Amino acid sequence: AVVSTQSTGMFRRAFAGATVHDCFNWLCVCIFLPLEVIASPLERLSSLITTGISDGGEVSKLDFLKVLTKPLTKRIISIDKDTIKDIAKYCTSGPTYDSMYCSEARNASMMKVCDDEDTMEREPCDFLFSKSGLNDTASGVILLLVSLFVLCTCLTILVKTLQSLLMGRMAQTLKRHINTDLPHPWGWLTGYIFIVVGMGMTILVQSSSVFTSTITPLVGMGVISIDRMFPLTLGSNIGTTATAILAALAATGDNRALTIQVAISHLMFNIFGIMVFYPIPWMRQIPLSMAKCLGNTTANYRWFAVVYLILMFFVLPLSLILLSFNVILLYTVLGVVLFTILSIVIITAIQRRRPAWLPSWLRNWKFLPRPLRSMDPYDRIITGRFGCFQKSVGQPPVDYVMTGVNAVA
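Residues numbered from 1 in each chain as written. Predicted model: local features only at pLDDT ≥ 70, side-chain atom pairs only at ≥ 80, totals over all residues. Heavy atoms only, no water.

### Observations concerning the nonpolar core
Ranked by internal contacts, the top residues of the largest apolar core, which has 34 residues, are Phe15, Phe24, Phe230, Leu234, Ile274 and Phe304. If you list the elements that add at least two residues to this core, you get helix 1 (8-39), helix 9 (226-249), helix 10 (256-277), helix 11 (281-300) and helix 12 (303-323). It is helix 1 that provides the largest number of residues to this core, a total of nine residues. Setting aside anything within four residues of it in sequence, one finds Phe24 in contact with Phe230, Leu234, Asn237, Asn270, Gly273, Ile274, Phe277 and Pro287. (Core = buried A, V, L, I, M, F, W, Y, C linked by side-chain atoms within 4.5 Å. Buried < 20%, exposed > 50% of the residue type's maximum accessible area, 1.4 Å probe, protein only. Helix = DSSP H or I, 4+ residues; strand = E, 2+ residues; numbered from the N terminus. Contact = heavy atoms within 4.5 Å.)

Here you go:
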């Protein structure tokens, strides 16, 4: 979505399309996490499904993409998976070694080592980073930066390629067919068909990120409406669990049944989420409205996209991890946050529909300090320091429609 910043309208649609997945997932977490803590429905049901699965045996793992990528990645880096397991069990050389649980201390490096045929000593295998002399941390940072660069480059090329191919009559033709419902009385089945399509495409590429990254530029271009992308995203959520299930079926060892249960829980989490937010039309509008609001916001304040990425993918997960060390504090913070969000949503809905029900001072949010009800103060500070986030001259108004068949931006 960030690649589409050259056009305000395109950026608005693309960011909304990219975040509808996030909104759906966070809403599901807000619903099912408290239920799981109270009654453990997913744990109980997945345990019932996996009853009778033995811990022995092995099923061949189907991995379509590794056949193509593994020859190249093994030339760059090769990881010793046994060492990763030993690190988790403190079975590595150094101060963390625990002789009570480990038969022997392993090298703490995660890079694979091989037996030399001449000296019979263990030495790094023949791959690029084995000859660099770098430790695990330095190698990991380099690989992370290179991977992010390659990912961003590929996404940019993908967006530019789609923009050059899907122009003019081709875009109008695709738009007309993709965004049109089935004839009456089967129109209600259209969304469910796209859920199946999204699931199938994700199973083929074995990555929901690849699939959603491909269709997000199409949403930005107006070829696919966000209302049509929503069922595709839901299907992608189910399809991405296929990889985890295949990996679980291929697992061996004493915890094979538990591994399969975790994969089944992931599948049921997504299926139950779809059952909550898709069959009832007005429930669909909750994640869609959230995504459109984010799209509007980031179109008017371009720096919001960067802040959103930092908060959603770094600050918030890290905060939850730190809070998880104190369960009581975690539930207290989550409870306060959920209560605050729910109160804001309810009060806002009453302000719009039944303002007479509220006291005069609560019929709008003007009683709050401006930084708590507007992003303008932050916008002045950020755009004053970083000129790249300045609003473009003559940008269109905030209100826009992404439902149905709209004109290509």
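### Side note on helix 11
The terminal C-alpha atoms of helix 11 lie 29 Å apart, and with 20 residues this matches the ideal 28 Å at 1.5 Å per residue to within 8%. If you check which residues of helix 11 are buried, you get Met283, Pro287, Leu288, Ala291, Lys292, Leu294, Gly295, Asn296, Thr297, Thr298, Ala299 and Asn300. (Expected span 1.5 Å × (residues − 1).)

### With respect to the pattern of salt bridges
Counting across every chain of the model gives three salt bridges. Among the ionic pairs, Arg228 bridges to Asp181, the shortest N-O distance being 2.8 Å. Note that Arg228 is positioned in helix 9 and Asp181 in the loop between helix 6 (169-178) and helix 7 (190-205), a separation of 47 residues in sequence. Judged by its relative accessible area of 46%, Asp181 is partly exposed. Ionic pairing is found between Lys292 and Asp227, a salt bridge with its closest N-O pair at 3.9 Å. Of this pair, Lys292 sits in helix 11 while Asp227 sits in helix 9; the two residues are 65 residues apart in sequence, bridging distant segments of the chain. Using a relative accessible area of 17% as the deciding quantity, one classes Lys292 as buried. (Salt bridge = Lys/Arg side-chain N within 4 Å of Asp/Glu carboxyl O.)

### Some thoughts on a positive patch on the surface
Where like charges cluster on the molecular surface, the positive patch consists of Lys70, Lys74, Arg75, Lys81, Lys85 and Lys112. Those elements giving two or more residues to the positive patch turn out to be helix 3 (66-76) and helix 4 (81-88). With three residues, the top contributor of residues to the positive patch is helix 3. Summarising the element assignment, Lys74 is placed in helix 3. (Patch = residues over 30% accessible without salt bridge, like charges linked within 9 Å, V, L, I, M, F, W, Y side chains within 5 Å. Areas by Shrake-Rupley, 256 points an atom, 1.4 Å probe, with all protein chains shown as cover. Lys, Arg positive; Asp, Glu negative; His and termini not counted. Charge placed at Lys NZ, Arg CZ, Asp CG, Glu CD.)

### Topic: the side chain of Gln261
Position of Gln261 among the secondary structure elements: in helix 10. Residue Gln261 is classed as buried on the basis of its relative accessible area, which comes to 14%. Ignoring anything within four residues of it in the chain, the contact list for Gln261 reads Glu43, Ser46, Ser47 and Thr50.

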